[in-house]
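Understanding the architecture of this molecule
So the chains spell out like this:
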Amino acid sequence: MDQIYNFSAGPAVLPKEVLQQAREEMLDWHGSGMSVMEMSHRGKEFMSIAAKTESDFRELIGIPENYKVLFLQGGASSQFSMVPMNLLRGKIKADYINTGQWSTKAIEEADRYCTINVAASSADTNFTYVPAQDKWQLDPEAAYIHYTSNETIGGVEFHWVPEIDSHNGIPLVVDMSSDILSRPLDITRFGLIYAGAQKNLGPAGLTLVVVREDLLGKPLPGTPTLYNYQIHAQNDSMYNTPPTYAMYITGLVFTWLKNKGGLVAMENTNITKANLLYDLLDDNDFYHCPVAKADRSLMNVPFTLKNSALDEKFLRQTSNNGLIQLKGHRSVGGMRASIYNAMPVEGVAKLVAFMKEFANQHA
Ligand SMILES: *Cc1c(COP(=O)(O)O)cnc(C)c1O
């Protein structure tokens, strides 16, 4: 099989080494005679996998003791309701920053449980930038402040963490589904972070939540058991069956990240890859990237061809060259190259070389 580079936004590319190891261990994990898929989640084999997955994750980020790590299901979308259900804690308002389609979805869902103050929005340009913090109109009575660190569809990413120390101790909550573990992270700046695994961590089916302990224990009346963070925290994410195989693969990805040098090394590689693409987009007026330079995502690079009549040809030819899943999100059209941790530099270099050639041929 020829080398394929998969630019899908999610479920997305996984490290080859991880898939190879999973293949080797598929029928018999470490002499247990079982596939990980066949193990009881309460058996000693899987308990050891779960413990290592959590400790590697804690080590990669540097998560202090007073934060719980939860391994949940339901996708990041279920967090859109789980966050207000658990973090309102008797308050009735929440601040949201709207930088695109995922923020908008989070707002729509939370609106069922509380009064939303959209403290800042970039809807005025159809979401091509991150509003500067000095323009935010935060509500002093908000229960929490929510933002989306990387808009997977629009390609808009925060390259800074909001400064809210002076803000009455109101916790910062972030949807990091598509950029978690792409760079170092100071978890103490946040009350809660969440991420679906299928973008930058592992397979679909696992949702990671990291939450500061003191925020737990005051869910809205009527909160379903499985939507209560505290229940999961008290039961080490084993109140019911966790997504065992997805946790195992994600654990292998954590080991892979550690072997690669951790999050600092990852960030450097991610910057190298993104620069290759953005430099081409800026140097060549055959292509266009709509996102403000300072807020361009290192993970998802949306772009259009000046002549959209060539879109189909571009997609056909990239695909024939082993560069797949480049079609933009159905809502925005054009192209999108997702270049998560597991995308090697060579994949981006090959795409850039193809794009130069394609532009020359059609200029
Ligand atoms: C993909 C994505 C989601 C939704 O994730 P699901 O797992 O499909 O629920 C939410 N937020 C962001 C930023 C995403 O990229």
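Residues numbered from 1 in each chain as written. Predicted model: local features only at pLDDT ≥ 70, side-chain atom pairs only at ≥ 80, totals over all residues. Heavy atoms only, no water.

**Some thoughts on the domain arrangement of the protein chain**
Applied cut-off: An automatic or database domain assignment supplies the start and end points of every domain. The contact definition used throughout considers only heavy atoms, calling two residues in contact when any of these lie within 4.5 Å. Buried area adds together the accessible area that both of two parts lose upon being put together, with accessible area traced by a 1.4 Å probe. A 3.5 Å cut-off defines polar contacts: any pair of N or O atoms within that distance qualifies, except that in protein one atom must be a possible hydrogen donor and the other a possible acceptor, and neighbouring residues in sequence count only when both atoms are side-chain atoms. Counting from the N terminus, the helices are the DSSP runs of H or I reaching at least four residues and the strands are the DSSP runs of E reaching at least two. Three classes are used, and their members are as follows: Ala, Val, Leu, Ile, Met, Phe, Trp, Tyr, Cys and Pro are nonpolar, Asp, Glu, Lys and Arg are charged, and the others, Gly among them, are polar.
One can read the domain layout of the protein chain as domain 1 (18-259) and domain 2 (261-362). Between domain 1 and domain 2, the contact holds 26 residues from the first and 25 residues from the second. Summed over both partners, the interface of domain 1 with domain 2 comes to about 2100 Å²; 55% of that surface belongs to carbon and sulfur atoms. At the boundary of domain 1 and domain 2, one finds 17 residue pairs in polar contact (both at pLDDT 80 or more). For the side of domain 1 that touches domain 2, the element with the most residues is helix α6 (residues 244-259), which contributes four residues. A class-by-class count of the residues in the side of domain 1 that touches domain 2 yields 10 nonpolar, 11 polar and five charged.

**Considering the environment of M343**
How we decide: Per-residue accessibility, obtained with a 1.4 Å probe over protein chains only, is compared with the maximum for each type, and a residue is labelled buried under 20%, exposed over 50%, and partly exposed between these values.
Tracing the backbone shows M343 in the loop between β14 (335-338) and α9 (345-362). Taking the relative accessible area as the measure of exposure, M343 reaches 2% and is therefore buried. For M343 and R58, which are 285 residues apart along the polypeptide, the C-alpha to C-alpha distance reads 23 Å. Among residues more than four places away in sequence, those in contact with M343 are Y5, N6, F7, V13, K273, S338 and V348.

**Considerations on empty space enclosed by the protein**
Any empty space left between the atoms is revealed when a probe the size of a water molecule rolls over them. Counted only if it meets this: Throughout, the protein atoms alone are placed on a 1 Å grid, and a set of points is a cavity if a 1.4 Å probe fits but cannot get out or a pocket if it is open with protein on both sides within 12 Å along at least five of seven lines; lining residues have an atom within 4 Å of a point. Grid points are joined across faces, edges and corners, and a volume is the space filled by probe spheres set on the points.
Tallied over the full model, the rule gives one cavity of 30 Å³ or more. Considering only enclosed or pocket space, the largest cavity measures out at about 60 Å³ in volume. As for the largest cavity, its lining consists of V13, L14, P15, K199, N200, L201, V253, W256, Y340, N341 and A342. Taken together, the residues of the lining of the largest cavity break down into eight nonpolar, two polar and one charged. Each of domain 1 (18-259) and domain 2 (261-362) accounts for three or more of the residues forming the lining of the largest cavity.

**Digging into the nonpolar core**
Which entries qualify depends on this criterion: Note on terminology: a nonpolar core comprises buried Ala, Val, Leu, Ile, Met, Phe, Trp, Tyr and Cys residues joined through side-chain atoms within 4.5 Å.
Counting residues in hydrophobic clusters, the biggest one holds 90 residues, and the most contacted among them are F57, L181, Y287 and M355. Counting residues per element, this core draws most heavily on α6, which supplies 10 residues. Both of domain 1 (18-259) and domain 2 (261-362) provide at least three residues apiece to this core. In contact with M355, not counting residues within four places along its chain, are L277, L280, L281, Y287, F303 and F314.

**Overview of the site of the ligand**
As a reminder of what qualifies: If even one non-hydrogen atom of a residue comes within 4 Å of a molecule or strand, that residue is called near it. The accessible surface values rely on the Shrake-Rupley method and a 1.4 Å probe; as for residues, cover is taken only from the protein chains in view.
Surrounding the ligand, one finds 13 residues, the nearest of these being S77, T152, D175, Q198 and K199. Note that a nitrogen atom of the ligand is positioned 2.6 Å from one of the side-chain N or O atoms of D175. Between the ligand and the protein, one listed contact pairs an oxygen atom with a side-chain N or O atom of Q198 at 2.9 Å. Here the ligand, which alone exposes 390 Å², has 87% of that area covered by the protein. Examining the composition of the shell around the ligand, we find that four residues originate from one element, helix α3 (residues 75-87), more than from any other. For the shell around the ligand, a count of residues per class yields three nonpolar, eight polar and two charged.

**Describing the layout of surface pockets**
As a volume, the largest pocket reaches approximately 410 Å³. Taken together, 20 residues line the largest pocket, and the ones lying closest to its centre are P15, K16, A342, M343 and P344. Partitioned by chemical class, the residues of the lining of the largest pocket number 12 nonpolar, four polar and four charged.

**Regarding the pattern of salt bridges**
Oppositely charged side chains may form a pair once their charged atoms are brought near each other. For clarity, the cut-off: Think of a salt bridge as a Lys or Arg side-chain nitrogen and an Asp or Glu carboxyl oxygen that are within 4 Å of each other.
Counting across every chain of the model gives 16 salt bridges. With its nearest N and O atoms 3.2 Å apart, the salt bridge here joins R183 to D179. The salt bridge involving K293 is made with D282; its shortest N-O contact spans 3.7 Å. Residue K293 is located in the loop between β11 (287-288) and β12 (300-305), and its partner D282 is located in helix α7 (residues 262-283); the two are separated by 11 residues in the primary sequence. Exposure remark for K293: the relative accessible area of 61% places this residue in the exposed category. Linked through salt bridges whose partners overlap, the residues forming this network are K52, D56, E59 and K258.

**Some points on the sheet that holds β12**
Test applied: Here, strands pair whenever DSSP counts at least two bridges between them. Convention adopted: a line fitted to C-alpha atoms gives each axis, helices being fitted over their contacting stretch, and angles between N-to-C directions are expressed from 0 to 180 degrees.
Taking strand neighbours across the sheet as the criterion, the three strands line up as β11-β12-β14 in an open arrangement whose pairing is antiparallel. Here the strands that pair on one side only, and so sit at the sheet edges, are β11 and β14. Inspection of the sheet shows β12 paired to β14 by four bridges, in the antiparallel sense. By the bridge assignment, P302 is partnered in β14 with R336. Strands in contact with α7 are β11, β12 and β14; relative to β12, the strand with the most contacts, it is inclined by about 25 degrees.

**A few points about the packing of helix α1 (residues 16-25) against α6**
In plain terms, the rule: Small angles under 35 degrees read as roughly parallel and large ones over 145 as roughly antiparallel, with 65 to 115 read as roughly perpendicular and the rest as oblique. Two helices crossing with the near one rotated counterclockwise from the far one by less than a right angle form a left-handed crossing, whereas a clockwise rotation gives a right-handed crossing.
Running from amino to carboxyl end, α1 crosses α6 at an angle of 130 degrees, the nearest separation of the two axes being 9 Å. In terms of their interaxial angle, α1 and α6 are classed as oblique. In the packing of α1 onto α6, the handedness of the crossing is right-handed. Along the contact surface, α1 presents E17, V18, Q21, A22 and E25, while α6 presents Y245, Y248, I249, L252, V253 and W256. Of the residues that constitute the contact of α1 with α6, the class distribution is eight nonpolar, one polar and two charged.

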